[in-house]
Amino acid sequence: MDRTSEDVLVIGGGIAGLTVALGLAKEGWRPWLIEKEDRLGGHAAAYVCKAVEGECQRCGACLVDLALKEHASEARIKTLVNAAIERITPSGSGHLAALETPDGLVEQPFRAVVLCHGFTPFDPRSRTNLGYGRVPNIMTGHELEAMLKVTGRVLRPSDGAVPRQMAFVQCVGSRNARLGHPYCSQVCCGYALRMARQIKNRLPETDLTCFYMDIQTYGKDFPDVWPGLGGEIRFVREIPGDYFSLEGDRVGVLVETGDAVEELSFDLLVLSVGMAPSPDQDRFCEWLNAPVGAEGFLRSDPDSGVFVAGSAAGPMSIVDSIAHARAAVRDVAGFLEGRK
């Protein structure tokens with residue numbers, strides 16, 4: 001069945017937006033996919049495959065590449081990159097969107113809108129004690145992902161040396177009510193431990209430490225993987241309280257171990273930053289009256305033709321974002337066909 005092009009506006013070209021657009025296209029609809037950046041894929045496009053000696057760790061990074069390839073051959077999707085949404089207003093039984101595109105302003109009616117604008121990584125600069133931007137060789141997990149994706153190597157930013165002692169700090173910007181983020185970001189343990197396993201495989205002599213509150217499982221195979229991690233990674237169930245620079249651009253931390261405060265140091269320290277709501281969602285709340293959930297992320301309002309998919313609805317992994325987006329496709333199709 002061939003539908004019209006004025007049915008669905010999909011906002012955001014990350015893995016959720018790609019999944020929604022592809023799913024609707026397969027159902028015969030002709031969605032518009034709008035992305036503000038100059039490329040599709042979102043944050044996940046920068047994530048590296050974390051297979052160890054050819055064994056898949058189920059990180060989901062390869063699924064983004066597959067979605068991008070499938071999108072490139074799907075003619076039913078009208079895709080606009082470098083496009084900004086100027087406004088969305090009610091119009092008849094749907095919504096009128098004003099889109100600023102490289103070719104100028106376009107006004108287009110849509111029966112439904114799917115918000116796939118994703119998340120924003122927590123900015124560690126907002127907590128000065130973390131030392132990010134002040135202490136050399138402190139980086140975020142997202143930056144480490146990008147480094148591995150582009151170069152295939154782990155190097156200290158200060159001098160390009162291979163680190164011999166590395167640490168991951170979990171729950172940075174998550175599970176903290178004072179920051180307004182009392183929730184668990186769900187993905188941080190998974191990406192940190194997967195990266196740690198890959199680094200240990202590539203650099204067996206590197207000592208790895210993980211500072212954590214508690215470890216969240218990251219797949220059905222986790223109970224089988226967890227016992228072996230203790231032999232590869234030192235786990236410290238405490239979050240450092242201070243971060244500082246030491247001689248040789250080493251990163252020092254203070255951490256409580258038992259009844260004492262211990263000073264530890266590393267060549268490279270990685271902050272596993274959590275997922276926060278995208279600042280874009282404030283406009284969508286204003287324009288579409290999209291409801292906000294308890295964790296600060298958006299919720300769908302099917303009665304008004306507004307749907308939310310992927311991490312715009314809350315912290316979730318690549319695999320979970322795809323599943324959530326596929327469920328949204330069913331809901332959107334049901335709305336467009338006039339069924340619940």
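Predicted model, so just to flag it, every value in this text is computed and none were measured.

Novice: Could you give me a rundown of the pattern of salt bridges, with the residues and numbers involved?
Specialist: For side chains bearing opposite charge, pairing can occur when the charged atoms are close. A full pass over the atoms with the stated rule returns eleven salt bridges. In this structure, the salt-bridge partner of Lys50 is Glu145, at a minimum N-O distance of 3.0 Å. Within this pair, whereas Lys50 is found in the loop between β2 (32-34) and α2 (61-72), its partner Glu145 is found in helix α3 (residues 141-151), the two being separated by 95 residues in sequence. The two residues Lys50 and Glu145 agree in class, both being buried.

Novice: For the sheet that holds strand β6 (residues 104-110), give the residues involved together with the corresponding values.
Specialist: Here we have three strands laid out as an open sheet, ordered β4-β5-β6, and antiparallel in their pairing. Looking along the sheet, the strands with just one partner apiece sit at the ends: β4 (84-91) and β6. Each strand of the sheet is rotated relative to its neighbour by a mean of 20°, with strand direction disregarded. Pairing between strand β5 (residues 94-101) and β6: seven bridges, direction antiparallel. The residue bridging His95 from the neighbouring strand is Phe110, located in β6. Packing against the sheet, helix α6 (residues 281-288) makes contact with β4 and β5, and its axis sits at approximately 20° to β4.

Rules used in this analysis
Residues numbered from 1 in each chain as written. Predicted model: local features only at pLDDT ≥ 70, side-chain atom pairs only at ≥ 80, totals over all residues. Heavy atoms only, no water. Salt bridge = Lys/Arg side-chain N within 4 Å of Asp/Glu carboxyl O. Helix = DSSP H or I, 4+ residues; strand = E, 2+ residues; numbered from the N terminus. Buried < 20%, exposed > 50% of the residue type's maximum accessible area, 1.4 Å probe, protein only. Pairing = 2+ DSSP bridges. Axes fitted to C-alpha atoms, helices over the stretch in contact; angles between N-to-C directions. Contact = heavy atoms within 4.5 Å.

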